[in-house]
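# Tertiary structure, described
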Amino acid sequence: MEKKITAPIDDKTARELKSGDYVYITGTIYTARDAAHKRMYEALEKGEKLPFDVKDNVIYYMGPSPAREGRPIGSAGPTTATRMDKYAPALLDLGLKGMIGKGKRRQNVKDSMIKNGAVYFAAVGGAGAILSKCIRESEVIAYDDLGTEAIRKLYVEDFPAIVVIDSEGNDLYETSVLEYKKE
Amino acid sequence: MREIEVREITENIKEMCIEAVHFLTDDMKEALLSAKKSEESPLGRKILEQLEENLAIAGEDMIPICQDTGMAVIFLEIGQDVHFTGGSLKDAINEGVRQGYTEGFLRKSVVSDPIIRENTGDNTPAVIHYDIVPGDKVRITVAPKGFGSENMSRIYMLKPADGIEGVKEAILSAVREAGPNACPPMVVGVGIGGTFEKCAYLAKKALTRPVNERSKTEYVAKLEEEMLDKINRSGIGPGGLGGSTTAFAVNIETYATHIAGLPVAVNICCHVNRHAVREL
């Protein structure tokens, strides 16, 4: 089903999204990938505050290429989400509602998503040029020294994504492959 | 003896880095277009259309096809009658990468040490493979490699008794494990034979062969076709979201090996299988 949703995402909307839905996201989302996740995780372990409140928010696993003059951002497609699996449950427990990336998630993440009513979206990997057109504003809000891995606050319009894992743990990567498998 | 100034190498590598991340070779473009016609899944077709549009935007607006503009892998085939002048060849290559990634607005994705992990800020150093060949020409291949698919690549030290069936299972298991993480439709580069490092090199090199060109060795060409068919029956599909287009090609290179071994390397590349080639 095609749906238009806004970010941040409230609990009710997140729970209504089903594995296989094609969504267009409009609103504010945040970027973070490997190095930023490591830092956020270490901050939480030390009892420090995160650079932004993750509650009801969406994290886009993405590190852009540099912006050319007059553009908000460079190429901006998803990176592999699996690498963030170690850190994701801690953020989900704090109310993170959505993650955008590509690639499989491990069971610890799925369990935490079910517990917290969160959604995992895939954007099309390797489509960084077209996806950058949906990003209207971009601002580094933390960890500037990490370069492409800094945390950015983005404003996106009709950003296309597919619900891969919903809040009940249904995983499109598993179900869709079986549908087209021929032995 | 032919003299070549190293700054000519720098200039070419700079241009080739920028070219490779914005434009795919014709064989890759064709593979994408024909896949759109044969893909069985409606969502798969939608993803392939998005990739086609992405490619057009990349070239028109000079936005890299993928934000992961890779680690620069460079193959240099140097004619043995060439003499480089004006400085170190290696420094000249890295200077080309530095200029290309900085002036071309490409992402700097390289850290100086695998454990300490500080970004070098200019995407150097490159991974350089030199080969000395007869003649007085220099053939440069710049192949920026993204790590979504690189992380899903595998080496298997099979034994002679595993035979061709073992090789097939190794290839299929690497692809199955890679699934959506490697950004399918993928190109599968395979190296069979040699030693531990030689088969990995061959697998990487195989990715630079056009996807519409089969091996000249008959049994290898047959193996390439059989593997492609099996991979496209796996159901993984575009984006790993189900479908009949999981790979565009399986390119296999072979080499002599030891009586006790059968090394197999599977180097997976996403649909952004980039390389620029020039001969000086």
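Residues numbered from 1 in each chain as written. Chains lettered and ligands numbered in written order. Predicted model: local features only at pLDDT ≥ 70, side-chain atom pairs only at ≥ 80, totals over all residues.

### Focus on the overall build of chain A
- If you tally the helices and strands in chain A, you get six helices and seven strands.
- Going from N to C terminus, chain A has its helices and strands arranged as β-α-β-α-β-α-β-α-β-α-β-β-α.
- Its C-alpha radius of gyration of 16 Å places chain A within 12% of the 16 Å reference for a compact globule of 183 residues.
- Considering only C-alpha atoms, chain A reaches an extent of 50 × 40 × 35 Å along its principal axes.
- In chain A, which comprises 183 residues, the share counted as buried stands at 50%. (Helix = DSSP H or I, 4+ residues; strand = E, 2+ residues; numbered from the N terminus. Rg over C-alpha atoms; globule rule 2.2 N^0.38 Å. Buried ≥ 20, exposed ≤ 12 C-beta atoms within 10 Å, placed from the backbone.)

### Thoughts on the overall build of chain B
- Looking only at helices and strands, one finds eight helices and ten strands in chain B.
- The C-alpha radius of gyration of chain B comes to 19 Å, within 12% of the 19 Å expected for a compact globule of 280 residues.
- Across its three principal directions, the C-alpha atoms of chain B cover 55 × 50 × 40 Å.
- Residues classed as buried in chain B amount to 50% of the 280 residues present.
- Within chain B, counting contacts between residues at least 6 apart in sequence, those at least 24 apart form 81% of the total. (Contact = placed C-beta atoms within 7 Å.)

### Observations regarding the sheet that holds strand β2 (residues 71–79) of chain B
All names here are of chain B.
- Pairing is mixed across the open sheet formed by four strands, whose spatial order is β4-β2-β5-β10. The sheet terminates laterally at β4 (127–133) and β10 (276–279), the two strands that pair on one side only. Here the average twist between neighbouring strands, direction ignored, is 15°.
- As paired elements, strand β5 (residues 138–145) and β10 share four bridges and run antiparallel to each other. (Pairing = 2+ DSSP bridges. Axes fitted to C-alpha atoms, helices over the stretch in contact; angles between N-to-C directions.)

### A look at unusual backbone geometry
- The residue after A7(A), namely P8(A), is reached through a cis peptide bond having omega 0°.
- Along the chain, P8(A) falls in the loop between β1 (2–7) and α1 (11–16).
- Going from P184(B) to P185(B), the amide bond is cis rather than trans, its omega being 5°.
- Relative to the assigned elements, P185(B) resides in the loop between α6 (163–178) and β7 (186–194).

### What to know about the sheet that holds strand β6 (residues 154–158) of chain B
Residues and elements named next belong to chain B.
- Sheet architecture is open: four strands sit in the order β6-β9-β7-β8, paired in mixed fashion. The outermost strands of the open sheet, each flanked by one partner alone, are β6 and β8 (247–257). In this sheet, adjacent strand axes meet at a mean angle of 15° when their direction is disregarded.
- Bridge analysis of β7 against strand β9 (residues 262–269) gives six bridges, and the strand direction is antiparallel. By the bridge assignment for β9, V188 is matched with I268.
- Across the face of the sheet, α6 comes into contact with β6, β7 and β9 while running at roughly 30° to β9.

### Points about the interface of chain B and chain A
- Between chain B and chain A, the contact holds 40 residues from the first and 38 residues from the second.
- Here the residues of the side of chain B that touches chain A are counted per class, giving 17 nonpolar, 18 polar and five charged. (Nonpolar A, V, L, I, M, F, W, Y, C, P; charged D, E, K, R; others polar.)

### What about α6(B)?
Residue and element names in this part refer to chain B.
- Here α6 contains 16 residues, and its C-alpha end-to-end distance of 23 Å stays within 8% of the 22 Å for a straight helix at 1.5 Å per residue.
- Of the surrounding secondary structure, the elements contacted by the buried residues of α6 are β6, β7, α8 (218–232) and β9.
- One or two steps after α6, the chain reaches G179, where phi turns positive at roughly 40°. (Expected span 1.5 Å × (residues − 1).)

### Details of the environment of F159(A)
Residue and element names in this part refer to chain A.
- For F159, the position within the fold is in strand β7 (residues 151–165).
- It is 9.1 Å that separates the C-alpha atoms of F159 and S132, two residues lying 27 residues apart in sequence.
- Excluding residues within four positions of it along the chain, F159 makes contact with Y24, I25 and C134.

### Describing the environment of P263(B)
- With respect to the secondary-structure elements, P263(B) resides in strand β9.
- Separated by 66 residues in sequence, P263(B) and E197(B) have C-alpha atoms that sit 9.3 Å apart.

### Section: the nonpolar core
- Counting 135 residues, the largest nonpolar core has F121(A), C17(B), V142(B), V188(B), V190(B) and V266(B) as its most contacted members.
- It is β7(A) that provides the largest number of residues to this core, a total of nine residues. (Core = buried A, V, L, I, M, F, W, Y, C linked by C-beta atoms within 7 Å.)

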